[in-house]
Amino acid sequence: MALQPVYTLSQPFCTLQFCTFLLNGYLFGVPVPEVQEVIRYQPITPVPLAPPAVVGMINLRGQIVLAIDLRHRLALEKRCEGELPMNVVVRTPDGAVSLLVDEIGDVIEVDHSTFEAPPETLRGAVRAMILGVHKLDHRLLHLLDTGKACQVPDAGDSPVNDHL
Amino acid sequence: MDEIVKDFLIESGENLDRLDQELVKLESEPSSKELLDSVFRTIHTIKGTCGFLGFTRLEKLTHAGENLLSRLRDGEIGLNAKVTSGLLAMVDGVRQMLAAIQDSGHDGEENYAPLIAALGRLQVEQAVGAMPEADAARVTAGDNSGEIRILPAGEPDCRLGPQESTERPGQIAARGPIAPVVVEPAVSGQQAPESRNPEPGNPESGNSESRNPESGNPESSVETIRVAVTLLDRLMNLVGELVLARNQLLQLSGRSQDAGFQAVAQRMNLIATELQGEVMKTRMQPIGNIWNKFPRTVRDLALSCGKEVRLEMEGQDTELDRTIIEAIKDPLTHLVRNSVDHGVECAAVRRRAGKDAAGLLKLRAFHEGGQVNIEISDDGAGLDVDRIRQKAIERGLIPKPAASNQTSAQASAQASAQVSGMAERDVFNLIFLPGFSTAEKVSNVSGRGVGMDVVKTNVEKIGGTVDIQSTPGRGTSVRVKIPLTLAIIPALIVTCGGERFAIPQVSLSELVRLDAEERETKIELVHGAPVYRLRGRLLPLVYLDRELGIGQGEQEASSPAAINIVVLQAEEQQFGLIVDEITDTEEIVVKPLGKQLKGISAYAGATIMGDGRVALILDVPGLAQKARVIAEGQEFGHDEGRCGAAAQAFREEHALLLAGNGIEGRVAIPLSMVARLEEFPKSVVELAAAQEVMQYRGQIVPLVRLSQIFPSSSEAEMQEPDRSIQVVVYSEGKHTVGLIVDRIIDIVEERAMVESLTPRAGIVGSFVTQRHVTDLLDLPAIVRAAVPGLLDGLDSQAGGI
């Protein structure tokens, strides 16, 4: 598989920094430069009629930011009642978007050589959002394509057409 | 580019704009020494500076202009339309060169030799010696080549030649009471006494000087500085943030016991409010800034159309946020051009109609209820209702009815019936439909059928409305209503389904609260659609929770709490929005929604509330559309739109014939449409070509049975051996049709508030009379549907409603 955009900017075989978080037990990572900040749970104002992945809006120091549930985007089961998600605020061309995750992990450095494309058995819309995995010592680090993850299907007044 | 060249460009640009106005004004007041001096001074300044900066071509052109002006000033030649045109052409030339300097740094390749030569010729041609002032006035007055005059109306007419003032007594009389403002933004000192600011709370003191840094003598410019617009925008954003922080602070202080903290919060509140007001003011610009170019536009346009148009402006110092000023610039220009091109007739036509040869175009701006009203009115021929109707049908702007089994003849017949059934005002609104134009020929000004729809869209984009009024032979008036500013708006905060929503106050009409016991009885259903009788008129109700899909059905049934109805105005239609609670009104800062949510028409944006939480701002027109209260896309194509339009006609008092259909059904027919009421024995009904007919006054009259068009469940019971039939005779042109109804009930004089809740062909809408819900019949449509082809070709006479 061809190299993904994350890597084209950097030299091969150099180390990369990822901001990591947990989703349903899986370890995910987003390149540090794409992350604006990581914050605790914030009160969310729901947006009725919005696509199901859009949980609502949060007030980020006067800036209104859309909150997208990564569990929903990645077709994982719903978060248990009472479990408060954390916000990973990422920069996108259309402004900041908050990705709701279960838990925040460390910032880790990985070597490019440990990268591998997702297996063919990973199918469907989710595959488009997972660039691949880094083989860490004890577990796998999923690389998230934040751009695709934030591309919630258009919320027209027509029936929502979610590709998940 | 050099700083000095940049300054020169900015300054000259402003000077040229002023020159345009002054020259046009000078044309109407050729004797005004002051104006001439000012014009001369401006040209001289430009000439001097460009000589200094080394723009020789530009210098040559301005020099030629200056020469001509100096002859004028010395009284060697008189000013007429030709000279003015020459000078205006020079201004345009200078403008082009300035643009070239802006782009490339030097004054272009063109040397404007023909123009300079023309200016030279004008000096010689016109050199007929010092012309007496009265003569000069006569030249302007007698010249029908379409000059326009901008008359400062507050002044006495001493400036007019004697002939002119006797020629136009009507004009002077008309000018007196309205007291429009002198079109002279350049000399603000003179403007002040005549300008009327309808809003007393808005002091104009001091502002007029600072607004026109170039005005009057150059010394006054010490008081003002130039600030980049982006800086002001940034300031505005910051103030928006501050207002939000203030709101949060106030909420905190409300809970706090600390008196010191509360005092600080109060002070902070006051300062923030004042700051907000002041920063808003920095972005406010007088509407005169965009009107300034209209004298020139109107003059040129009138010349090219061969018309005479007089422009009056009132309320130039009415202020608007600059983003809004920008947004309405093009729509206003379009409306002005339209008025000159279509509205005002040619001088000959006007004289024949007994009107002053010069048409009057009036611009008026004033504040009203937190909004700015701009009126563009002319005293021209007015809109031709019949022609608009005709065009709308021709161009297929009134779409064919949806029913697929109808022939096209039927369909178009129905369509025309629907148009003919429209109120005048709704017919006027047809011109806002895309692709509409009644212009006989496409001129280079207008008539391409684009424009009015763009005007409407642009104005609506900034939360404004456009309204047209017209009287045949008397003129047309377009009123544009727009909000003062877009950034911070007053809003009503409501809660629904546990969430808060903000409703912009602009759309808010009133609030109605129904007690728990009232809610059962006061909310009625029209075939499942909830309505409330608001002062005798049916108000369609929309449940916000249901519209947004956040309803909790079981809770609603279990707790018969009071009901809050927020009465909202979406376009012409009022509707009631049912919410859980009405909280407060608050100034909110509008923030745009992200791209992902742009598609949801129910929201206009979001805001941050005092407690730091985000709340959605409801988009009232969008919500109304979603709830199908108003027709989608604001087209008359939809049944609701059409019926709604027709229903408008019945807001006035009408005599209505009430008839029975079946046992329960009641219908109403406007008495004005009823030719006669007849009772016949059943035997008169005969058949001709499978159509029921009767012989009536020497004619064969087709019969239409109401019970067949609107079958009632109890029809069988009505088939009792009644010996007679009741016939409502309806005539349209030469044709007569009989409508057989089950019984005649009454004739009522009713201010019928017709609501079109469930659109059905042949029914305009429903209303309540004598405590019965009654359907108002669309008789022309029914007849056309039942007797196809009969009434074709009579569209223009189909009126009546």
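Residues numbered from 1 in each chain as written. Chains lettered and ligands numbered in written order. Predicted model: local features only at pLDDT ≥ 70, side-chain atom pairs only at ≥ 80, totals over all residues. Heavy atoms only, no water.

K.L.:
Explanation requested: the overall build of chain A in the structure shown.
P.N.:
Summing up its helical and strand segments, chain A has 4 helices and 11 strands in all. Taken across its 164 residues, chain A has 48% of its residues classed as buried. Counting contacts in chain A only where the partners sit at least 6 residues apart, residues at least 24 apart contribute 57% of the total. Accessible surface for chain A amounts to roughly 8400 Å². Of this, 53% is attributable to carbon and sulfur atoms. (Helix = DSSP H or I, 4+ residues; strand = E, 2+ residues; numbered from the N terminus. Buried < 20%, exposed > 50% of the residue type's maximum accessible area, 1.4 Å probe, protein only. Contact = heavy atoms within 4.5 Å. Areas by Shrake-Rupley, 256 points an atom, 1.4 Å probe, with all protein chains shown as cover.)

K.L.:
Where do I start with the overall build of chain B in this structure?
P.N.:
Helices and strands together make up the secondary structure of chain B, namely 28 helices and 29 strands. Every one of the 801 residues in chain B was classed for burial, and the buried ones make up 51%. Considering only contacts in chain B between residues 6 or more positions apart, those separated by 24 or more positions represent 69%. As displayed, chain B offers around 35900 Å² of accessible surface, 51% of which is attributable to carbon and sulfur atoms.

K.L.:
Could you clarify how one ought to interpret the interface of chain B and chain A in this entry?
P.N.:
Of the residues lining the interface, 26 residues belong to chain B; the matching set on chain A comes to 27 residues. Summed over both sides, the interface between chain B and chain A buries roughly 2000 Å², with carbon and sulfur atoms accounting for 63% of that surface. The tally of links from chain B across to chain A stands at 0 salt bridges. For the pair chain B and chain A, the number of links is 3 residue pairs in polar contact (both at pLDDT 80 or more). Counting only elements with at least two residues in the side of chain B that touches chain A, the list comes to α11 (229–255), β9 (499–504), α22 (544–548), β17 (603–608) and β18 (614–618) of chain B. No other element matches β17 of chain B, which puts 4 residues into the side of chain B that touches chain A. In terms of residue class, the side of chain B that touches chain A is built from 13 nonpolar, 6 polar and 7 charged. (Buried area = accessible area lost by both parts, 1.4 Å probe. Salt bridge = Lys/Arg side-chain N within 4 Å of Asp/Glu carboxyl O. Polar contact = N/O pair within 3.5 Å; in protein donor to acceptor, adjacent residues only side chain to side chain. Nonpolar A, V, L, I, M, F, W, Y, C, P; charged D, E, K, R; others polar.)

K.L.:
I tried to follow the side chain of Ser98 of chain A on my own but got confused; where do I start?
P.N.:
Residues and elements named next belong to chain A. Within the element layout of this structure, Ser98 appears in strand β7 (residues 95–101). Under the relative-accessibility criterion, Ser98 is labelled buried at 0%. A distance of 2.6 Å separates a polar atom in the side chain of Ser98 from a polar atom in the side chain of Asn87. Residues within four places of Ser98 in sequence aside, it is in contact with Ile58, Val65, Leu66, Ala67, Ile68, Asn87, Val88 and Val89.

K.L.:
I'm lost on the sheet that holds β9 of chain B in this one. Help?
P.N.:
Strand pairing in a sheet relies on backbone hydrogen bonds, with the paired strands running either antiparallel or parallel. Residue and element names in this part refer to chain B. Overall, mixed pairing links the 5 strands, which are arranged β16-β8-β9-β18-β17 in an open sheet. The sheet is open, and its two edges are formed by β16 (581–589) and β17, each paired on a single side. Across this sheet, the average inter-strand angle for adjacent strands is 35°, counted without regard to direction. Looking at chain direction, strand β8 (residues 488–496) and β9 are connected through 6 bridges and run antiparallel. (Pairing = 2+ DSSP bridges. Axes fitted to C-alpha atoms, helices over the stretch in contact; angles between N-to-C directions.)

K.L.:
Teacher, can you tell me more about the sheet that holds strand β5 (residues 371–378) of chain B here?
P.N.:
Residue and element names in this part refer to chain B. What the 5 strands build is an open sheet, ordered β2-β4-β5-β7-β6; its pairing is mixed. Looking along the sheet, the strands with just one partner apiece sit at the ends: β2 (309–314) and β6 (465–471). Direction aside, neighbouring strands of the sheet carry axes that sit 15° apart on average. Summarising the sheet, β6 and strand β7 (residues 475–483) pair through 7 bridges and their orientation is antiparallel.

K.L.:
Can you help me understand the environment of Val589 of chain B in this one?
P.N.:
Relative to the elements of secondary structure, Val589 of chain B occurs in strand β16. Considered as a pair, Val589 of chain B and Asn237 of chain B are 352 residues apart in the sequence and their alpha carbons are 9.2 Å apart.

K.L.:
Explanation requested: a nonpolar patch on the surface in the structure shown.
P.N.:
Residues and elements named next belong to chain B. Taken together, the side chains of Ile225, Val227 and Leu231 present a nonpolar region at the surface, about 300 Å² in accessible area. Positionally, Leu231 belongs in helix α11. With relative accessibility at 47%, the residue Leu231 sits in the partly exposed group. (Patch = residues over 30% accessible without salt bridge, like charges linked within 9 Å, V, L, I, M, F, W, Y side chains within 5 Å.)

K.L.:
Is there a simple way to think about the pairing of strand β20 (residues 665–670) of chain B in this case?
P.N.:
Within a regular beta strand, the side chains point alternately toward one face of the sheet and then the other, so they alternate between its two faces. Residue and element names in this part refer to chain B. Where burial is concerned, most of β20 is hidden: 5 out of the 6 residues are buried. Here β20 runs beside strand β29 (residues 772–777); their pairing, made up of 2 bridges, is parallel. Directly across from Ala668, in β29, lies its bridge partner Leu776.

K.L.:
Honestly, the confidence of the model for chain B in this entry has me stumped. Any pointers?
P.N.:
Reading predicted coordinates in detail is not appropriate for stretches of low pLDDT. Residue and element names in this part refer to chain B. Averaged over all residues, the pLDDT of chain B is 72; the fraction at 70 or higher stands at 71%. Every residue in residues 400–409 scores below 50 in pLDDT, and together they form 6 contacts with partners more than four places removed in sequence or on other chains. Within the model, pLDDT remains below 50 along residues 793–801, and this stretch shows 19 contacts once partners closer than five positions in the same chain are excluded. The ipTM value of the predicted complex is 0.81, and its pTM value is 0.48. (pLDDT = per-residue confidence, 0-100.)

K.L.:
When you look at the environment of Gly306 of chain B in this model, what are you seeing that I'm missing?
P.N.:
Structurally, Gly306 of chain B is set in the loop between α14 (294–305) and β2. Separated by 40 residues in sequence, Gly306 of chain B and Cys346 of chain B have C-alpha atoms that sit 7.0 Å apart.

K.L.:
Can you help me understand the packing of aromatic side chains in this one?
P.N.:
Here a ring pair, both rings aromatic, is described through the centre-centre distance and the interplanar angle of the planes. Residue and element names in this part refer to chain B. Going through the model one piece at a time under the given rule, you end up with 2 aromatic pairs over all chains. Geometrically, the ring pair formed by Phe8 and Phe55 is stacked, given 6.2 Å between the ring centres and 25° between the ring planes. Within this pair, whereas Phe8 is found in helix α1 (residues 3–28), its partner Phe55 is found in the loop between α2 (33–53) and α3 (56–73), the two being separated by 47 residues in sequence. By the burial criterion, Phe8 is buried, and Phe55 matches it. (Phe/Tyr/Trp six-rings, centres within 6.5 Å; stacked < 30°, edge-to-face > 60°.)

K.L.:
What exactly am I supposed to notice about the confidence of the model for chain A here?
P.N.:
All names here are of chain A. For chain A, the average pLDDT comes to 81, and 84% of its residues sit at 70 or higher. Within chain A, strand β2 (residues 26–31) carries the highest mean pLDDT (92), whereas helix α1 (residues 5–8) carries the lowest (44). Note on residues 1–13: pLDDT under 50 across the span, and 17 contacts to partners over four residues away in sequence or across chains. Note on residues 155–164: pLDDT under 50 across the span, and 24 contacts to partners over four residues away in sequence or across chains.

K.L.:
So what exactly am I meant to see when it comes to unusual backbone geometry here?
P.N.:
One can expect most non-glycine residues to show negative phi and most peptide bonds to be in trans. Phi at Asn24 of chain A takes a positive value of approximately 50°, unusual for a residue other than glycine. Take Asn24 of chain A: it is sitting in the loop between β1 (15–23) and β2. Residue classification places Asn24 of chain A among the partly exposed residues on the basis of a relative accessible area of 30%. Residue Arg535 of chain B is not a glycine yet carries a positive backbone phi of 45°. With respect to the helices, strands and loops of the structure, Arg535 of chain B is situated in the loop between β12 (529–534) and β13 (537–543). For Arg535 of chain B, a relative accessible area of 66% puts it in the exposed group.

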